[in-house]
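# Structural features, examined
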There are 4 protein chains.
Amino acid sequence: MLALRKGAAVEGLALYEIDEPVVPEGWALVEVLKASICGTDVHIYEWNEWARNRMRPPVTVGHEFVGRVASVNRGIGRVAPGDIVSAESHIVCHVCDMCRRNLYHVCRNTRIIGVDIDGAFAEYIAIPEENLVKLPPSVPLEAGSVLEPFGNAVHTVQSVDVRGKRVVVTGVGPIGLMAIPVAKALGASEVIATDLSDYRLALAEQVGADLTVNVRSEDPVTLVSAKGGADVVLEMSGSEVALNQGLDMLVPGGQMAILGLPGKRVSIDLSNQVVMKGISIHGIAGRRLWETWELAVALVSSGKVDLRRVVTHQFEMKDFEKGFQTMMSGQSGKVVLNIR
Amino acid sequence: MLALRKGAAVEGLALYEIDEPVVPEGWALVEVLKASICGTDVHIYEWNEWARNRMRPPVTVGHEFVGRVASVNRGIGRVAPGDIVSAESHIVCHVCDMCRRNLYHVCRNTRIIGVDIDGAFAEYIAIPEENLVKLPPSVPLEAGSVLEPFGNAVHTVQSVDVRGKRVVVTGVGPIGLMAIPVAKALGASEVIATDLSDYRLALAEQVGADLTVNVRSEDPVTLVSAKGGADVVLEMSGSEVALNQGLDMLVPGGQMAILGLPGKRVSIDLSNQVVMKGISIHGIAGRRLWETWELAVALVSSGKVDLRRVVTHQFEMKDFEKGFQTMMSGQSGKVVLNIR
Amino acid sequence: MLALRKGAAVEGLALYEIDEPVVPEGWALVEVLKASICGTDVHIYEWNEWARNRMRPPVTVGHEFVGRVASVNRGIGRVAPGDIVSAESHIVCHVCDMCRRNLYHVCRNTRIIGVDIDGAFAEYIAIPEENLVKLPPSVPLEAGSVLEPFGNAVHTVQSVDVRGKRVVVTGVGPIGLMAIPVAKALGASEVIATDLSDYRLALAEQVGADLTVNVRSEDPVTLVSAKGGADVVLEMSGSEVALNQGLDMLVPGGQMAILGLPGKRVSIDLSNQVVMKGISIHGIAGRRLWETWELAVALVSSGKVDLRRVVTHQFEMKDFEKGFQTMMSGQSGKVVLNIR
Amino acid sequence: MLALRKGAAVEGLALYEIDEPVVPEGWALVEVLKASICGTDVHIYEWNEWARNRMRPPVTVGHEFVGRVASVNRGIGRVAPGDIVSAESHIVCHVCDMCRRNLYHVCRNTRIIGVDIDGAFAEYIAIPEENLVKLPPSVPLEAGSVLEPFGNAVHTVQSVDVRGKRVVVTGVGPIGLMAIPVAKALGASEVIATDLSDYRLALAEQVGADLTVNVRSEDPVTLVSAKGGADVVLEMSGSEVALNQGLDMLVPGGQMAILGLPGKRVSIDLSNQVVMKGISIHGIAGRRLWETWELAVALVSSGKVDLRRVVTHQFEMKDFEKGFQTMMSGQSGKVVLNIR
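Given the structure is predicted, the values throughout are model-derived calculations rather than measurements.

How each quantity is defined
- Positions within a chain are numbered from 1, following the residues in the order the chain's sequence is written.
- Here chains are named by letter from A upward and ligands by number from 1 upward, in the order in which they appear as written.
- Where totals are concerned, whole chains, interfaces and linings use all residues; where local detail is concerned, this predicted model gives features only for residues with pLDDT of at least 70, and gives and counts side-chain atom pairs only at 80 or more.
- To get the side-chain values, take all heavy atoms of the structure and skip hydrogens and water.
- The helix count covers DSSP runs of H or I at least four residues long, the strand count covers runs of E at least two residues long, and both are numbered beginning at the N terminus.
- Just to be clear, the radius of gyration here is over C-alpha atoms, and the globule rule we use is 2.2 Å times residues to the power 0.38.
- The buried label goes to any residue with under 20% of its type's maximum accessible area, the exposed label to any with over 50%, and the partly exposed label to all in between, with areas taken from a 1.4 Å probe on protein chains only.
- Contact definition: two residues touch when any of their heavy atoms are within 4.5 Å.
- Charge counting follows a simple rule: Lys and Arg are positive, Asp and Glu are negative, and His as well as the terminal groups are ignored.
- For charged residues, the charge sits on one atom: NZ in Lys, CZ in Arg, CG in Asp, CD in Glu.
- Strands are treated as partners if at least two bridges between them are detected by DSSP.
- Fitted lines through C-alpha atoms serve as axes, helices being fitted only where they are in contact, and the angles separating the N-to-C directions of these axes extend from 0 to 180 degrees.
- A residue counts toward the fit only if its pLDDT is at least 70 in both copies, and the copies are then superposed by least squares on the C-alpha atoms of those residues.
- Two rings belonging to Phe, Tyr or Trp (six-membered ring only in the last case) form a pair when the distance between their centres is within 6.5 Å. Interplanar angles under 30 degrees mark stacking, angles over 60 mark edge-to-face geometry, and anything in between is tilted.
- A ring is scored as having a charge over it whenever the NZ atom of a lysine or the CZ atom of an arginine sits within 6 Å of its centre and within 35 degrees of its normal.
- Buried area counts how much accessible surface, traced with a 1.4 Å probe, disappears from two parts once they are put together, with both parts' losses summed.
- Note on definitions: salt bridges are taken to be side-chain nitrogens of Lys or Arg within 4 Å of carboxyl oxygens of Asp or Glu.
- In protein, a polar contact requires one atom able to donate a hydrogen and another able to accept it; more generally it is a pair of N or O atoms within 3.5 Å, and residues adjacent in sequence count only if both atoms are side-chain atoms.
- Note on residue categories: nonpolar means Ala, Val, Leu, Ile, Met, Phe, Trp, Tyr, Cys or Pro, charged means Asp, Glu, Lys or Arg, and polar means any other residue, Gly included.
- Domain start and stop positions are those given by an automatic or database domain assignment.
- Residue-level confidence of the predictor is what pLDDT reports, using numbers from 0 through 100.
- Helix span is expected to be 1.5 Å times the residue number reduced by one.

## Considerations on the overall build of chain A
When its secondary structure is counted, chain A shows twelve helices and 19 strands. Taken against the 2.2 N^0.38 rule, which gives 20 Å for 340 residues, the C-alpha radius of gyration of chain A at 20 Å falls within 12% of a compact globule. Overall, chain A is about 60 × 40 × 35 Å in size when its C-alpha atoms are taken along their principal axes. Across the 340 residues that make up chain A, the buried fraction comes to 64%. Across chain A, contacts joining residues at least 24 apart in sequence account for 70% of those joining residues at least 6 apart. Between the mean site of the 33 positive side-chain charges and the mean site of the 39 negative ones, chain A shows a separation of 3 Å.

Here it is as structure tokens:
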């Protein structure tokens, strides 16, 4: 079969013809239909420091996908051949203290498809059956291919209380974008998006932001404070500046959920920004297994969130270089590769 | 009557003979029995930058006290003359958006006795009746005099879930000390205290810490991690080092509550310490009105927490200089002034 | 001024010319624009047992209204003359143990306008300023007049977690009707309404129910169970049959919120319906002060819920008999009296 | 090996010599040291209606035990031969919708050891490794043998907020008894126990009840209401009378957790006892996997709860008839069989 792989410890990726994966007991074989490119995949492509430390090529890349179940090896009855499925990318151990607390998203022994084991940029993927989530027909394939990162957005929003609240999303890359309709669907009365890119802010408006602010030209703290402040900030940029702006615009007793990953240490005014204001901050890792998946599928299948709006580009697998270039350009929402 | 006041915008405090306070409608006049010295009072004594910006002398200082109700001016029936009472130090507006959310502890128009209006280091104090909390006879007067800062400790612990958890208190000044028996009383299975001072760590042991760590001689992160990590960290030191150690020792999915106020900006590794570990952080301001007071009084009156153990020194009001020197020495728990 | 009153302890209501109300300190005088008829008002009209035990005529009836502030007597600055306002109908004491727990909705000394003191079916009403909620211009007057009962619906839904859930509303009288768009606005993926009346079920569809079930012709337990069961049931009927059906259709671990008030004791199979299924049940009284009001206004002013759809009839005050007859017919949503 | 079994569909149990159990993949073989008799075992002994409908003899009975791991068949590394363990009695499917919500305690396909498959009144038991909980040496064997029912008590208490609260336990059979020290350990300021049996109330006092009430001689509603009412009621009796008394004594906004299983339908005054008081009720099934086990072991191993006090009788396995007679007499706490 054809697979897009990190073949050696150098920059770039390449297509290889390899054998179909072996399917262990309790695992399923899934025919991949569409798979989307994550920022992590870009790091792997670029072979940055994190990737060099973490990966051991050769590995098939890709961890966001939708596919059709081909077979199950002594399964548990969750899926059957022919089912359309998306999948959780983290294979958890069920044994560590975190798993025993049902905090699977921070399992101490987690393995990630497309990073630690072969992933989804391939005609077939082998994956534990428990990781599969069967999709109802009302979920478009494009939506199915981005359910994994959508789960990050859902997890972020579900960790705070947005009901009737003014919510500010700082940074509207793909996951920030997806957080906007989630916040609206769960009851936010107003969603404001901030970014440096007019392209992304235009996308934010299309997916439902009530107001967008380009922080190059306007001070978001002044603007939001004039409205009464942010009840909730969803920090999606990884920017130290945005983090501080978010803390400054929060009302006392406000909540911040942080998914953005700064590349280095950040400085904050803990006393004035957090302690004396009685702020709560939630670091968001992965997705809740399986509560986030349940909510994510419910939001999409009920039509409350239309994920096709965040898929701005689709390419054939053979044109993967274009896909990666598009992702790196910053001029995109989610970029999907059509595997079949 | 006699009152200990910041008479002018200079260092130090002095005793003055002044008129008894006027008691507005809905307020009570309370004969002060004991009052304790807070770190804030030390800042006022020293006339540091915060104090210079906030206060307008002359003002009677002191906001932690126990007293006996002398009279109530058209009251609401919460207290009667002769009742022994402690009091919330913040007078809230009931009108702002935070008060309307029952987040009185972050009221936008709060006024603090002993800072913004005349306080408790005096023979009498006038205070809104709603701020008074009647104490049952089972609460010793020493305990009553420190219920306000004890409320800070209770608020910190009640903001996280300590049931069956390993809890680390970083910094055992008076409030950190008081948090130890609270955590134990609410179900923590193990409480570890860290500090730079052996004197304070000895006090920590006396009030129930299962283990104490002087961070000058031992690395608390190594030690706590070897035990499996901290489920909960209560940051009470205001130290950037302790903050980072606390984040490092937390288990994934762990919780931190922060009461300590760093004097300047702090630097953290947000990605690795907070986001990817799925940590929650709660800034703690004041006390929940009135849930914290209810819990605080219940803990003390039921005998679950004996606050006399944290009162290490008592002085007559005329000897207030000794009281402040003791507080500044770092060799004390709570220091109480006997007003009568 | 003109006022619709229970003038004596007999059936019916009548219009009287009376003096404008006296306005105590801290209270406001509000010119009533529209007021809606509650089931409680019908009980008062009919002079049923509850009314006979509770009320002491003469009393001006009515507790759901929208109006314009005429004056405030030594106010707290929440409203100013000319402001359009709705109001909480319960005047709470702020002194009892429940108020001190911020559980104002179950204040032990609550007084209700239109029941315990003069109410809103009059040209003017006197009411504590703290009870007033200023409405933004985006809230239509019809919506403003039914915000109080809408708050019951909001309180019911906000007491459970409907995010991505299948929600069944058993009984779609006016408050059940209003709960439907609230559940949708806060993230329910599917809302099913049950009732005995096709008229009401048609209204339920108009306000957003995904499915309606007339329990005369279809067994709701069978139907909902076939879909996988109800995650949440909102019991709005006061019917013992509906209560039992709701418990039967709940999934294990499911939640029920109950606003409906059965007229007599009810029988349930506690072991099988509640304990062994791990069900949670929440009794809903009044509205959370003031969190429910904040959320209610946010839902309406943001356009997430259009309350005009539940106002099916409007009458002039002088035609109040028609209004009460319409309410008693069961063929109505909310019935509004135009006072001016 | 020797096993106490329901050999046929008739009253009573008998000792049999049978083969050691076969150990499937992922399961462990455990040498049983002590096992305790549950009310369910009594039902099985008596062969009541529930037992007749549920069980298919022959089955080895018993589901509460402590033992030593003999071997593990292709395990996951949670336990090793020689480890002292207790065990969750429910074997869950991990596949149903409830398991996927981490609500394992209400798994739709659960199987119970000693009921659906061979249990613990035997020299050896085979059980999935994931069901085993390794005990630290600080847990006495008697305590280990009753950790399963103790988990019911812990689950009940952890489902409500007892911090600083007045808690009433209605019914102090073995699980009610165990709930008393749990409530105290998690911060209850006062625990009141009610029952019909002076023997049990004496035990309640020994394990920490602040007050005991024999409802034959005193009206518990009057008594508790005079103290200000119950903040929390833990219903452990299964009695309709106790249920109603518990609801009547609750303060507005109070919480009830129900573990007791009435044998038939019960009648309550839903309007006045639940809805208008804003009460929350939680049905309690089994134990949270694995949060309850973590908390249960923490409470016992830290010395906060001494379970030896609730074990009133121990018998050799051959004297099982005496054990069952003691359980049926009502004059016992937990009754333990020494298997080895």
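## A closer look at the sheet that holds strand E13 (residues 211-214) of chain B
Through backbone hydrogen bonds, the strands of a sheet pair up, either in parallel or in antiparallel fashion. Reading across from one edge, E13(A)-E12(A)-E11(A)-E14(A)-E15(A)-E17(A)-E17(B)-E15(B)-E14(B)-E11(B)-E12(B)-E13(B) is the order of the twelve strands in this open sheet, with mixed pairing throughout. Edge positions in the sheet fall to strand E13 (211-214) of chain A together with E13 of chain B, since each has one partner strand and no second. Sheet twist, expressed as the average angle between the axes of neighbouring strands with direction ignored, equals 15°. As judged from the four bridges shared by strand E15 (residues 250-258) of chain A and strand E17 (residues 280-283) of chain A, these two strands associate in the parallel manner. Residue pairing across strands places Gln255(A) opposite Ser280(A), the latter belonging to E17(A). Contacts from helix H7 (residues 198-206) of chain A reach strand E12 (190-195) and E13 of chain A, with the element oriented near 170° to E13(A).

## Thoughts on the relation of the copies chain B and chain A
Its rotation angle being 180°, the transformation that places chain B on chain A also includes 0.0 Å of axial translation and leaves an RMSD of 0.0 Å. The relationship between the two copies is best expressed as a two-fold rotation axis. Of the C-alpha atoms belonging to chain B, the one lying closest to the rotation axis is found on Ser267(B), 2.1 Å away.

## Comments concerning the packing of aromatic side chains
Residues and elements named next belong to chain A. By the definition in use, this model includes seven aromatic pairs over all chains. Ring geometry for Tyr45 versus Phe324: centroids 5.0 Å apart, planes at 25°, classification stacked. With Tyr45 in helix H1 (residues 39-46) and Phe324 in helix H12 (residues 320-329), this pair connects stretches of sequence that are 279 residues apart. Across the pair, exposure class does not vary: Tyr45 and Phe324 are buried alike. Aromatic rings pair up to connect Tyr45, Phe121 and Phe324 into one cluster. For Arg340, the ring lying beneath its charged end belongs to Tyr124, and the centroid distance is 4.9 Å.

## A short note on the interface of chain C and chain A
If you look at the interface, chain C gives 16 residues, while chain A gives 16 residues. When the two sides are added together, the surface that chain C and chain A hide from each other amounts to roughly 1200 Å², 53% of it contributed by carbon and sulfur. The interface formed by chain C and chain A contains zero salt bridges. One can count eight residue pairs in polar contact (both at pLDDT 80 or more) joining chain C with chain A. In terms of residue count, helix H11 (residues 291-301) of chain C provides more of the side of chain C that touches chain A than any other element does, three residues in total. Looking at the side of chain C that touches chain A residue by residue, the class counts come to six nonpolar, five polar and five charged.

## Considerations on the relation of the copies chain C and chain A
One chain copy maps onto the other through a rotation about an axis and a shift parallel to that axis. For the pair chain C and chain A, the relating rotation is 180°, the translation along its axis is 0.0 Å, and the fit reaches an RMSD of 0.0 Å. Of the interface residues in chain C, 100% have counterparts in chain A that sit at the interface too, so the contact is made through matching surfaces.

## Digging into the interface of chain B and chain A
Counting residues at the interface gives 37 residues for chain B and 37 residues for chain A. Both faces considered, chain B and chain A share a buried interface measuring about 3000 Å² in area, 56% of it formed by carbon and sulfur atoms. Broken down residue by residue, the surface that chain B buries against chain A is led by Arg265(B), Leu270(B) and Val275(B), which jointly contribute 19%. For Asp231(A), the salt bridge identified is with Arg101(B), shortest N-O distance 2.8 Å. Counting the contacts that link chain B with chain A gives 15 residue pairs in polar contact (both at pLDDT 80 or more). Contributions of two or more residues to the side of chain B that touches chain A are made by helix H9 (240-249), strand E15 (250-258), strand E16 (266-268), helix H10 (270-275) and strand E17 (280-283) of chain B. Residue classes in the side of chain B that touches chain A are distributed as 20 nonpolar, ten polar and seven charged.

## A look at the domain arrangement of chain A
Residue and element names in this part refer to chain A. If you check the domain split of chain A, you get domain 1 (2-146 + 310-338) and domain 2 (156-283). At the interface, nine residues of domain 1 touch seven residues of domain 2. Between domain 1 and domain 2, the buried area comes to about 680 Å², and carbon and sulfur atoms account for 71% of it. Linking domain 1 with domain 2 are zero salt bridges, by the criterion used here. Joining domain 1 to domain 2, the criterion identifies one residue pair in polar contact (both at pLDDT 80 or more). Here the side of domain 1 that touches domain 2 is built from residues that sort into two nonpolar, six polar and one charged.

## Points about the pattern of salt bridges
For the coordinates displayed, the defined rule picks out 83 salt bridges over all chains. Residues Asp118(B) and Arg5(B) are paired through a salt bridge, measuring 3.1 Å at the closest nitrogen-oxygen approach. Highlighted residues: Asp118(B) in the loop between strand E8 (111-112) and strand E9 (124-128) and Arg5(B) in strand E1 (residues 2-6), separated in sequence by 113 residues. On the basis of relative accessibility, which here comes to 35%, the residue Asp118(B) falls in the partly exposed class. Assessed through its relative accessible area of 11%, Arg5(B) is described here as buried. The shortest N-O distance in the salt bridge between Arg68(D) and Glu31(D) comes to 3.4 Å. One end of the pair, Arg68(D), is in strand E5 (residues 64-72); the other, Glu31(D), is in strand E3 (residues 27-36), and 37 residues separate them in sequence. Judged by relative accessible area, Glu31(D) falls into the buried class, the value being 16%. Members of the salt-bridge network, linked through shared partners, are Glu31(A), Arg68(A), Glu123(A) and Arg340(A).

## A look at the side chain of Arg100(B)
Along the polypeptide, Arg100(B) turns up in helix H3 (residues 97-100). Glu130(C) provides the closest opposite charge to the buried, salt-bridge-free Arg100(B), at an N-O distance of 5.0 Å. Only 2.7 Å separates the side chain of Arg100(B) from the backbone oxygen of Glu130(C), close enough to count as a polar contact. Apart from residues no more than four positions distant in its own chain, Arg100(B) is found in contact with His94(B), Val95(B), Arg78(C), Glu130(C), Leu132(C), Val133(C), Trp290(C) and Glu291(C).

## Here's the deal with the side chain of Arg287(B)
Residues and elements named next belong to chain B. Relative to the helices and strands, Arg287 is located in the loop between E17 and helix H11 (291-301). Polar contacts involving the side chain of Arg287 include one to the side chain of Ser89, which spans 3.3 Å. Sequence-distant contacts of Arg287, that is, excluding residues within four places in its chain, are made with Glu88, Ser89, His90, His105, Glu148, Gly151, Asn152, His155, Thr292 and Trp293.

## Topic: the confidence of the model for chain A
A residue-level look at chain A finds 100% of positions with pLDDT of 70 or above and a mean pLDDT of 97. Of the two predicted TM-score estimates for the complex, the pTM is 0.97 and the ipTM is 0.97.

## As for helix H6 (residues 174-185) of chain B
All names here are of chain B. If you check H6, its first and last C-alpha atoms are 17 Å apart, about what twelve residues at 1.5 Å a residue would give, namely 16 Å. Counted residue by residue, H6 has ten buried out of twelve residues, so it is predominantly covered. Taken residue by residue, H6 has Pro174, Gly176, Leu177, Met178, Ala179, Ile180, Pro181, Val182, Ala183 and Ala185 as its buried positions. Immediately beyond the C-terminal end of H6, within one or two residues, lies Gly187, with a positive phi of roughly 110°.

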